[in-house]
Amino acid sequence: MMASDKLYIPVCLYPHTSYRTKAGVEHLMTAMTLGERDFLIVIADHLLALDRIVTGRVVTEKNVYRTARRDAEQVYRLIRRTLQRADIDVEDRLQYWAHIGEDPAYGEFSSMLRDAVSRDSGMTAEIDRFVDARIKRYAMGSNDTAERAAQLDYLMSEVCMSVYCSGILGYETEVWERPPKPEVPDPLKVLYASHRSIVEGVIGKSCRRELVFLHAS
C-alpha cells in the first residue's frame, strides 16, 4: 500500500526517459492508476538546464534555459494529450518545475530548507561529496565555478522540490521512473535516512514520504 493516494511524479528529461513516448506515458497512467488518484506531475525543465551547464552543453545561460523549456514543452504536451484522451483531468496537476519555482511560497520554503541543510555539517558533507563525484564524472572543466554551482543547485533543487511536494503539499508518495544506479548521487536517501530532523524542523511536523518506482530497473 502506498503512503498516500496523492502522488508526486517528477519527470526528468534525460534522452532515454520513457516519458518521451506515448507508450511510456500510458504505462505511467495505468501502473499508477492516475484516474483514481490525486497527482502532481512536474516536468523538470530547470534540472535539464542545470545538467546542460554541468556537462558543457550550453552557449549562454539565457540560451540554456530557453532550450530546456522548449525540450520540456514537447514532453508536457505529450503527457497532457495522453491523459486528456483517457479523460483524466490535468488542470493544475501538470506543471513545469520552473513555474513552481517562481511561486513565492516555494521560494520561501526553499530558502529555509537550503539554510537548514547548510547548517548541518553531516548533510553538507554528503552534498559536497555528491557534487564532487558528479563533477568528476560529467563536467567538461571549461568553467569549474559555474559547473559546481549548477551541480549544487541541481541536487538542492531536487531535494527542495521533493520535500515541498511531500511535506507541504501532501503528495507523500513520490514516483521515480527507475531506481537510481549505485553510482548516482541520491541526497534524498541520505536526508531521510540520517537527517530527517532537518525536514521536520522546516515543515514543522513529522514527515511521511514513500518512494516507489515505475520500472524495476
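As shown above, the structure is provided for reference.
Residues numbered from 1 in each chain as written. Predicted model: local features only at pLDDT ≥ 70, side-chain atom pairs only at ≥ 80, totals over all residues. Heavy atoms only, no water.

### Focus: the overall build of the chain
For the chain, the count of helices and strands is nine helices and five strands. Relative to a compact globule of 217 residues, whose C-alpha radius of gyration would be 17 Å, the chain shows 17 Å and is just as compact. Taking the principal axes of its C-alpha atoms as reference, the chain extends roughly 45 × 45 × 35 Å. Of all 217 residues assigned to the chain, the portion counted as buried reaches 49%. For the chain, the proportion of contacts with a sequence separation of at least 24, taken over those separated by at least 6, is 78%. Per element, the accessible surface of the chain, about 10,900 Å² overall, is 50% carbon and sulfur. Each charge class in the chain was averaged separately, 29 positive and 32 negative side chains, and the resulting centres sit 5 Å apart. (Helix = DSSP H or I, 4+ residues; strand = E, 2+ residues; numbered from the N terminus. Rg over C-alpha atoms; globule rule 2.2 N^0.38 Å. Buried < 20%, exposed > 50% of the residue type's maximum accessible area, 1.4 Å probe, protein only. Contact = heavy atoms within 4.5 Å. Areas by Shrake-Rupley, 256 points an atom, 1.4 Å probe, with all protein chains shown as cover. Lys, Arg positive; Asp, Glu negative; His and termini not counted. Charge placed at Lys NZ, Arg CZ, Asp CG, Glu CD.)

### Quick look at the packing of helix H5 (residues 104–118) against helix H9 (residues 196–203)
Close contact between H5 and H9 brings their axes to 10 Å; oriented N to C, the two are set at 145°. The interaxial crossing formed by H5 with H9 has right-handed handedness. Where H5 abuts H9, its residues Phe109, Met112, Leu113, Ala116 and Val117 lie against Ile198, Val202 and Ile203. In terms of residue class, the contact of H5 with H9 is made up of eight nonpolar, no polar and no charged. (Axes fitted to C-alpha atoms, helices over the stretch in contact; angles between N-to-C directions. Left-handed = near helix turned anticlockwise from the far one by under 90°. Nonpolar A, V, L, I, M, F, W, Y, C, P; charged D, E, K, R; others polar.)

### Describing the nonpolar core
Nonpolar side chains tend toward joint burial in soluble globular proteins. Formed by 71 residues in total, the largest nonpolar core has its most connected members in Ile9, Leu34, Ile41 and Ile43. Excluding its chain neighbours within four sequence positions, the residues that come into contact with isoleucine 43 are Val11, Leu13, Ala72, Val75, Tyr76, Ile79, Leu94, Gln95, Tyr96 and Trp97. (Core = buried A, V, L, I, M, F, W, Y, C linked by side-chain atoms within 4.5 Å.)

### Observations concerning helix H1 (residues 22–31)
Given 3.6 residues per turn, any residue in an α-helix points the same way as the ones three and four places further on. Among all positions in H1, only Gly24, Val25, Leu28 and Met29 are buried. Taken down its axis, H1 places every buried residue within 140° of arc, on the same side. Within H1, the exposed residues directed more than 90 degrees away from the buried face are Ala23 and Thr30. Among the structural elements, strand E1 (6–11), strand E2 (38–43) and helix H3 (61–85) are those in contact with the buried residues of H1. (Arc of directions from axis to C-beta.)

### Remarks on the packing of aromatic side chains
Following the criterion strictly, the structure yields four aromatic pairs and no others. Between tyrosine 76 and tyrosine 96 the ring centres are 4.6 Å apart and the planes differ by 15°, which places this aromatic pair in the stacked class. Taken as a pair, tyrosine 76 in helix H3 and tyrosine 96 in strand E3 (residues 94–96) lie far apart in primary sequence, 20 residues in all. Like tyrosine 76, the residue tyrosine 96 is buried in the burial classification. With a centroid separation of 5.4 Å and an interplanar angle of 50°, the aromatic rings of phenylalanine 109 and tyrosine 164 are classed as tilted. Of the two residues, phenylalanine 109 sits in helix H5 while tyrosine 164 sits in helix H7 (residues 144–168), which places them 55 residues apart along the sequence. Pair check on accessibility: phenylalanine 109 and tyrosine 164 agree, each one buried. An aromatic cluster is defined as three or more aromatic residues linked by ring pairs; in this entry it consists of Tyr106, Phe109 and Tyr164. Here lysine 6 stacks its cationic end above the ring of tyrosine 171, 4.4 Å away from the centre of that ring. Its guanidinium or amino end placed over the ring of tyrosine 96, arginine 69 lies 4.0 Å from that ring's centre, counting from NZ or CZ. (Phe/Tyr/Trp six-rings, centres within 6.5 Å; stacked < 30°, edge-to-face > 60°. Lys NZ or Arg CZ within 6 Å of the ring centre and 35° of its normal.)

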